[in-house]
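Observations on chain architecture
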Amino acid sequence: MLQDESALPRTQPAGGQPEPWAEPVATALLVLADGTVLEGFGIGQTGIADGEVCFNTAMTGYQEILTDPSYAGQIVTFTFPHIGNVGTNDEDLESLDQAPASGVRGAVIASAVTKPSNWRSSSHLDGWLKARGIVGITGVDTRALTALIRDHGMPNAVIANDPNGTFDREALKARAAALAPMEGLDLVPPVTSRERSTWSETTWAVKGGYGSRAPGAGFKVVAIDYGVKRNILRLLAEAGCDVTVVPATTPAEDILALQPDGVFLSNGPGDPAATGAYAVPVIRRLLEEKVPTFGICLGHQLMGLALGGRTVKMGQGHHGANHPVKDHTTGKVEIVSMNHGFAVDPDSLPETAVETHVSLFDGSNCGLSLTDRPAFSVQHHPEASPGPRDSHYLFERFVALMKDNPRTSRGNA
């Protein structure tokens, strides 16, 4: 005898996959600041989160994206539909701090998350999102949402997940409309290191996993942590650097007291002009002392601000692993990973700052180098390896700067 259909549950199981017999019931909403409501099925943490909605075009690396501190304060829409299909593991994490605040606020996914199939998988994406406190929604037309962002910019939004499908839509609309814009927000404090630490882990190999190097024989590099990614630190160590990580608010005097051969300015979230209130004076002092300096992403933007330049908010930003960037110093085009919503205005830079890299998508600035001091920076993420190693030479360029610098402990070695 068939069971009475009215007695069957209407909520969706883990993974956002509705049962074939169940009447679809929205268990998650994405509510945009303009009042647009997108319905779907909940995944991950139940509850409500808010932030700026961006889209990422990468086909792989969703776990690295979801733990990238540069996404703090944002809700990531994945344009690739099959997210979660290789599960999650304990190795592909990018943030140093594993607290929920160290990554994205929400995830928007097109297709229901299937059972993972990969030899490295240790958990389902649904449980992993719950453990990290990330609210997610599946079943959304991410193509339409991406087109909206492309045409109108990155909107603020609220993402809500309730297994019972009970939502106060008007309250969610009001909350989304009241959110502060990204401009003016310093989002570095929740993601930076709390105290000084050292780093010795090197890159991953199929046999053996991550390696390590013994400290003491390499160039002494101080990495200022504005939300640094682990793989950046691994590549610095791989290049022969003894890395010390310091919090974002560390004074220049404390950094110089460590007698660094070089300083690295890390990636991070938020408006660079807001973070620059305390970061720029430190960077200017380091540049005045002619300490070899290398910046990535937010570090690149802060370098531009320290030189007297300005940064501008982008309409849709650059988020993906398929961005072509030309290096004017070599004439080569690299396929790079991008993750930024602000850009350096090259016309605002002094004559001593030379534009070294440019985006072939929109012509925006992606790199600079100084003619009077040993410093350079790039907007893209060479450590993300989409090329896969197109941009790894930048770490070698940094080592060469330190090697040729007379103040370096191993200078001219």
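To start, this report covers the structure provided alongside it. Predicted model only: the values in this text are computed from it and were never measured. (Residues numbered from 1 in each chain as written. Predicted model: local features only at pLDDT ≥ 70, side-chain atom pairs only at ≥ 80, totals over all residues. Heavy atoms only, no water.)

**Quick look at the pairing of strand 9 (residues 201-205)**
Where strand 9 and strand 10 (residues 209-212) come together, three bridges link them in antiparallel fashion. Bridging across to strand 10, W204 finds its partner in Y210. As consecutive antiparallel partners, strand 9 and strand 10 are separated by three residues, and within that stretch G208 has a phi angle of approximately 110°, a positive value. (Pairing = 2+ DSSP bridges. Helix = DSSP H or I, 4+ residues; strand = E, 2+ residues; numbered from the N terminus.)

**A look at the environment of I283**
The topology assignment puts I283 in helix 7 (residues 272-288). The contacts of I283, once residues within four sequence positions are left out, are Y226, L265, L302, M303 and A306. (Contact = heavy atoms within 4.5 Å.)

**Quick word on the sheet that holds strand 5 (residues 106-108)**
One closed barrel accounts for seven strands, arranged 1-2-6-5-4-3-7; its pairing is mixed. The mean inter-strand angle of the sheet, taken between neighbouring strand axes irrespective of direction, is 35°. For strand 3 (residues 47-56) and strand 4 (residues 74-78), the ladder comprises five bridges, and the chain directions are parallel. Looking at strand 4, one finds that V53 is bridged to I75. (Axes fitted to C-alpha atoms, helices over the stretch in contact; angles between N-to-C directions.)

**Describing helix 2 (residues 125-132)**
All of the buried residues along helix 2 are L125, D126, W128, L129 and R132. Seen along its axis, helix 2 keeps its buried residues to an arc of 165°; they face one direction. (Buried < 20%, exposed > 50% of the residue type's maximum accessible area, 1.4 Å probe, protein only. Arc of directions from axis to C-beta.)

**Considering the nonpolar core**
Counting 35 residues, the largest nonpolar core has L30, L66, F78, V108, L125 and I159 as the members making the most contacts within it. Ranked by the residues each element gives to this core, the list is headed by strand 3, at four residues. Apart from residues no more than four positions distant in its own chain, L30 is found in contact with T36, V37, L38, I75, V108, I137, L145, A157, V158 and I159. With 30 residues, the next largest nonpolar core counts I224, L265, L286 and L302 among its residues. (Core = buried A, V, L, I, M, F, W, Y, C linked by side-chain atoms within 4.5 Å.)

**A short note on helix 9 (residues 393-404)**
Between the first and last C-alpha of helix 9 there are 16 Å, a value that for 12 residues agrees with the 16 Å anticipated at 1.5 Å per step. Among all positions in helix 9, only L394, F395, F398, V399 and M402 are buried. Buried residues along helix 9 cover an arc of 150° about the axis, so they all sit on one side. Pointing more than 90 degrees away from the buried face of helix 9 are the exposed residues E396 and D404. (Expected span 1.5 Å × (residues − 1).)

**Some details on the packing of helix 7 against helix 8 (residues 298-306)**
Between helix 7 and helix 8, whose axes approach to 8 Å, the crossing angle comes to 70°. With respect to helix 8, the axis of helix 7 lies roughly perpendicular. When the axes of helix 7 and helix 8 are compared, the crossing they make is right-handed. Packed against helix 7, whose contacting residues are P272, A273, T275, G276, A279, V280, I283, R284 and L287, the element helix 8 presents L298, Q301, L302, M303, L305 and A306 at the interface. Of the residues contributing to the contact of helix 7 with helix 8, the split by class is 11 nonpolar, three polar and one charged. (Parallel < 35°, antiparallel > 145°, perpendicular 65-115°, else oblique. Left-handed = near helix turned anticlockwise from the far one by under 90°. Nonpolar A, V, L, I, M, F, W, Y, C, P; charged D, E, K, R; others polar.)

**Focus: unusual backbone geometry**
A positive phi is found at Q259, a non-glycine position, where the angle reads about 50°. Following the sequence through the fold, Q259 ends up in the loop between helix 6 (252-257) and strand 13 (262-265). Positive phi is not limited to glycine here, since S385 has a value of about 55°. In this fold, S385 is placed in the loop between strand 19 (375-378) and helix 9. Exposure remark for S385: the relative accessible area of 23% places this residue in the partly exposed category.

**Side note on the sheet that holds strand 15 (residues 311-327)**
Within a beta sheet, neighbouring strands are joined by backbone hydrogen bonds and run either parallel or antiparallel to one another. A sheet is described by the order of its strands in space; here 10 strands give the open sequence 8-12-11-13-14-19-18-17-15-16, paired in mixed fashion. At either margin of the open sheet sits one strand with a lone partner, and together these are strand 8 (197-199) and strand 16 (332-344). Each strand of the sheet is rotated relative to its neighbour by a mean of 25°, with strand direction disregarded. Sheet topology note: the strand 11 (residues 219-225)/strand 12 (residues 241-247) ladder contains seven bridges and is parallel.

**Remarks on empty space enclosed by the protein**
Scanning the entire structure with this criterion turns up two cavities of 30 Å³ or more. For the largest cavity, the calculated volume is near 150 Å³. Surrounding the largest cavity, 17 residues form its lining, S70, G270, H340, G341 and F342 being those nearest its centre. Within the residue set of the lining of the largest cavity, elements represented by two or more residues are helix 8 and strand 16. With four residues, the single largest contributor to the lining of the largest cavity is strand 16. Along the lines of polarity and charge, the residues of the lining of the largest cavity split into seven nonpolar, nine polar and one charged. (1 Å grid on protein atoms, 1.4 Å probe; cavity = no way out; pocket = protein on both sides within 12 Å on 5 of 7 lines; lining within 4 Å. Points joined across faces, edges and corners; volume = space filled by probe spheres on them.)

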